[in-house]
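If you want the building blocks of each chain, they are given just below.
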Amino acid sequence: MGQAGVNTVALAIFSWDRIQPTEDRWDFGWLDRIIDKLGNAGIVVDLASATATAPLWLYESHPEVLPRDKYGHPVNAGSRQSWSPTSPVFKEYALTLCRKLAERYGTNPYVTAWHMGNEYGWNNRYDYSDNALNAFRLWCERKYGTIGALNQAWGTTFWGQEMNSFDEVLIPRFMGADSMVNPGQKLDFERFGNDMLLDFYKAERDAIAEICPDKPFTTNFMVSTDQCVMNYAKWADEVDFVSNDHYFHEGESHLDELACSDALMDSLALGKPWYVMEHSTSAVQWKPLNTRKRAGELMRDSLAHLAMGSDAICYFQWRQSKAGAEKWHSSMVPHAGPDSQIFRDVCELGADLNKLADEGLLSTKLVKSKVAVVFDYESQWATEHTATPTQEVRHWTEPLAWFRALADNGLTADVVPVRGPWDEYEAVVLPSLTILSEETTRRVREYVANGGKLFVTYYTGLVDDKDHVWLGGYPGSIRDVVGVRVEEFAPMGNDFPGAMDHLDLDNGTVAHDFADVITSVADTAHVVASFKADKWTGFDGAPAITVNDFGDGKAAYVGARLGREGLAKSLPVLLEELGIETSAEDDRGEVLRVERADETGENHFVFLFNRTHDVAVVDVEGEPLVASLAQVNESERTAAIQ
Ligand code: GAL
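Residues numbered from 1 in each chain as written. Predicted model: local features only at pLDDT ≥ 70, side-chain atom pairs only at ≥ 80, totals over all residues. Heavy atoms only, no water.

Asks: Honestly, the overall build of the protein chain in this entry has me stumped. Any pointers?
Replies: Regarding its fold elements, the protein chain presents 16 helices and 25 strands. Relative to the compact-globule value of 26 Å for 642 residues, the protein chain shows a C-alpha radius of gyration of 26 Å, a close match. Expressed as lengths along the three principal axes of its C-alpha atoms, the size of the protein chain is roughly 80 × 75 × 50 Å. Each of the 642 residues in the protein chain was classed as buried or not, and the buried ones make up 57%. In the protein chain, the share of contacts with a sequence separation of at least 24, taken over all contacts with a separation of at least 6, comes to 70%. Taking the average location of the 57 positive side-chain charges in the protein chain and that of its 98 negative ones, the two points are 4 Å from each other. (Helix = DSSP H or I, 4+ residues; strand = E, 2+ residues; numbered from the N terminus. Rg over C-alpha atoms; globule rule 2.2 N^0.38 Å. Buried < 20%, exposed > 50% of the residue type's maximum accessible area, 1.4 Å probe, protein only. Contact = heavy atoms within 4.5 Å. Lys, Arg positive; Asp, Glu negative; His and termini not counted. Charge placed at Lys NZ, Arg CZ, Asp CG, Glu CD.)

Okay, structure coming up:
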């Protein structure tokens, strides 16, 4: 570890069974020795609450702590997180462990942070046990106060689901094949799943904080553009610093997806330093096909995380194990041992990170963009319901498509949760943001009225936060802001021969999966692109993209799914119409340029990453500090980045 420049280790995450081998035996000796050994080598410890996996004896003596699946069957013990967060028995055991750890290590100088749980909710987010049912009833009562309010919120008159009291509230257990869950109930059950785990985390945190009040708490989030396990916008307020586990998406979106996830992380960090708690040196072992990172990507990915605002770069895992479920997962020291390319790269990275730290990187933060792409966990959950206009549309795909299309046009956007300060940006994108609550509606209206530049897409503002449709034509609560009225949708696909599976636009782009039927355009709006289609489709000449004047601001509406490519092609006109400046023409697209700076401007770092698979040649000022995958030509002041 010394050779690799490691200075922090997250420890004992799955070690409850070693710390408490039987109900009445505690063994801290091994942990004392490891912490001491690390500390003496100058390595600090992010010590786990160790509650992620309970010991088998606990499941044996208290099988009631096991969660139940939606069929009501208890989940079997033997993996991770096989416990129900609403089980009072489990909580008691877990809090006892937390207190014991706090008593033993609270004043240990080498323990500098608490690592609570591990990826809360990954395996036990949906629990259909009676404990969960009881907790859900209480949660509903706290939220709605009266059963009438809950009936109204869930629209229970439809399909005769009216409840007489909170004792009749159900969790969405299996109701027979092809049964549809009440969407209001589903959305609340998702929120409840988040809240019960957050409450569990808080109880663990508070148990430790009572004994050890002065050390920071974190827990590793799973922020990535294909995951929405928890509503991390709610969790961010409850930790002292956020940290994230990010695993790369192989293929052409690799770098962009990483940057987009980190853009959200940097917003969740609320201006405080944040950690990449886990990423991989190369392949993982949990996908059907586990591709390796190509040479140089280990370093490139770590530097990209750093560029996007992270202040610590950690890997899962130090040594690749010989046995167990993750033996094929890459690590810092691979099976081949230290005489390996991976370990040499890890050491080089360690040296580079030290160099950047010496140059003052840690005093800097990601320089904020002028464009915010809004992201919303609850909109994602709402679009995951099975009774929607199409199963092809989910919220998350759109923030990523916009992030990439903006990058294609020379703009690295921030990704900001819906409850975050997106209205402080020069321009804002609402990408398939299905839920617009009254509060968000108010913010959107004020933002544009006061001069904001807004992009809105199809599938935005269909419902409020009870999942009730905003009536009168879509997007109901901001129809006048965008200046269009949509009466129907046209989902597309090739499931049936001869069905419409795409629509061409007259700006040369193509819509797939979804188009709005825009039936009127306000006098204050104009059409920027129209559909160009066969007569039988009813779409020929219909508006597809519009721009509206509203108050002192402008709102562009994109009424079809154009994907990254179509958006990238449509954006130059829209950016110009909305008055958003981008970088020079020749600097667009191939390179992701990210900057970090401190408040004084004294420390300022520029990071350049190649987004393509071809070599990109860029101008460089001054002497590059670190150059992974790049050959610097000092006389010409250029760098060729692979
Ligand atoms: C994470 C988890 C780690 C390890 C890793 C493998 O989800 O926190 O313990 O399993 O994935 O990629």
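Asks: Would you explain the side chain of Asn 194 in this entry?
Replies: With respect to the helices and strands, the residue Asn 194 is situated in helix H7 (residues 183-211). Judged by its relative accessible area of 1%, Asn 194 falls in the buried class. Side-chain polar atoms of Asn 194 contact the backbone nitrogen of Asn 231, separated by 2.8 Å. Setting aside chain neighbours within four positions, we find Asn 194 in contact with Arg 125, Met 230, Asn 231, Lys 234, Trp 235 and Trp 381. (Polar contact = N/O pair within 3.5 Å; in protein donor to acceptor, adjacent residues only side chain to side chain.)

Asks: What is the right way to read the packing of aromatic side chains from this model?
Replies: The way to describe two aromatic rings as a pair is by their centre distance and the angle between their planes. Scanning the model with the defined rule gives 35 aromatic pairs in all. Judged by centre distance (6.1 Å) and plane angle (5 degrees), the ring pair of Trp 26 and Phe 28 falls under stacked. Here Arg 125 stacks its cationic end above the ring of Trp 381, 5.2 Å away from the centre of that ring. The residue whose ring lies beneath Lys 287 is Phe 248, and the NZ or CZ to ring-centre distance is 5.4 Å. (Phe/Tyr/Trp six-rings, centres within 6.5 Å; stacked < 30°, edge-to-face > 60°. Lys NZ or Arg CZ within 6 Å of the ring centre and 35° of its normal.)

Asks: Just to check I follow, could you spell out a nonpolar patch on the surface for this structure?
Replies: On the surface, Phe 158, Trp 159 and Met 180 cluster together into a nonpolar patch covering about 400 Å² of accessible area. By the element assignment, Phe 158 lies in the loop between helix H6 (147-154) and H7. (Patch = residues over 30% accessible without salt bridge, like charges linked within 9 Å, V, L, I, M, F, W, Y side chains within 5 Å. Areas by Shrake-Rupley, 256 points an atom, 1.4 Å probe, with all protein chains shown as cover. Salt bridge = Lys/Arg side-chain N within 4 Å of Asp/Glu carboxyl O.)

Asks: What's the story with the site of the ligand in this structure? I'm lost.
Replies: The environment of the ligand is formed by Phe 14, Arg 80, Asn 118, Glu 119, Asp 245, Tyr 247, Glu 278, Trp 286, Phe 316, Glu 326 and His 329. In the model, an oxygen atom of the ligand is placed 2.7 Å from a nitrogen or oxygen of the Trp 286 side chain. Protein coverage of the free-state accessible area of the ligand, which is 310 Å², stands at 94%. Taken together, the residues of the shell around the ligand sort by class into four nonpolar, two polar and five charged. (Near = heavy atom within 4 Å. Nonpolar A, V, L, I, M, F, W, Y, C, P; charged D, E, K, R; others polar.)

Asks: Would you explain H7 in this entry?
Replies: Think of an α-helix as turning once every 3.6 residues; residues three or four places apart then point the same way. With 29 residues, H7 ought to run about 42 Å at 1.5 Å a step, and its terminal C-alpha atoms sit 43 Å apart, in line with that. Here H7 lies mainly inside the structure; 22 of its 29 residues are buried. For H7, the N-terminal capping position is held by Asn 182, with its side-chain oxygen 2.8 Å away from the main-chain nitrogen of Gly 184. (Expected span 1.5 Å × (residues − 1).)

Asks: How do you make sense of the pairing of strand S18 (residues 525-532) when you look at a structure like this?
Replies: Residues in a regular strand project their side chains so that they alternate between the two faces of the sheet. Note that strand S15 (residues 502-505) and S18 share two bridges and pair antiparallel. In the sheet register, Leu 505 faces S18, and the bridge partner there is Phe 531. Relative to strand S19 (residues 543-550), S18 runs antiparallel, the two sharing five bridges. Bridging from a neighbouring strand, Ser 530 pairs with Pro 543 of S19. (Pairing = 2+ DSSP bridges.)

Asks: Is there a simple way to think about unusual backbone geometry in this case?
Replies: The phi angle of most residues is negative, glycine excepted, and most peptide bonds adopt the trans form. The peptide bond linking Phe 316 to Gln 317 adopts the cis configuration, its omega dihedral lying at 20 degrees. Relative to the elements of secondary structure, Gln 317 occurs in the loop between strand S8 (312-313) and helix H11 (341-358). Residue Pro 475 is reached from Tyr 474 by a cis peptide bond, and omega for that bond is -15 degrees. Along the polypeptide, Pro 475 turns up in the loop between strand S13 (453-457) and helix H15 (479-482). A positive phi angle, near 65 degrees, is found at Ala 50, a position not held by glycine. Of note, Ala 50 is situated in the loop between strand S2 (44-48) and helix H3 (56-61). Of the residues examined, Ala 50 reaches a relative accessible area of 1% and is grouped as buried. Located in the positive-phi region is Arg 637, a residue other than glycine, with phi close to 55 degrees. With respect to the secondary-structure elements, Arg 637 resides in the loop between strand S24 (630-633) and strand S25 (638-641).

Asks: So what exactly am I meant to see when it comes to helix H9 (residues 254-268) here?
Replies: Taking 1.5 Å per residue, 15 residues should reach 21 Å; H9 reaches 21 Å between its end C-alpha atoms and fits that length. H9 sits mainly inside the fold: 15 of its 15 residues count as buried.

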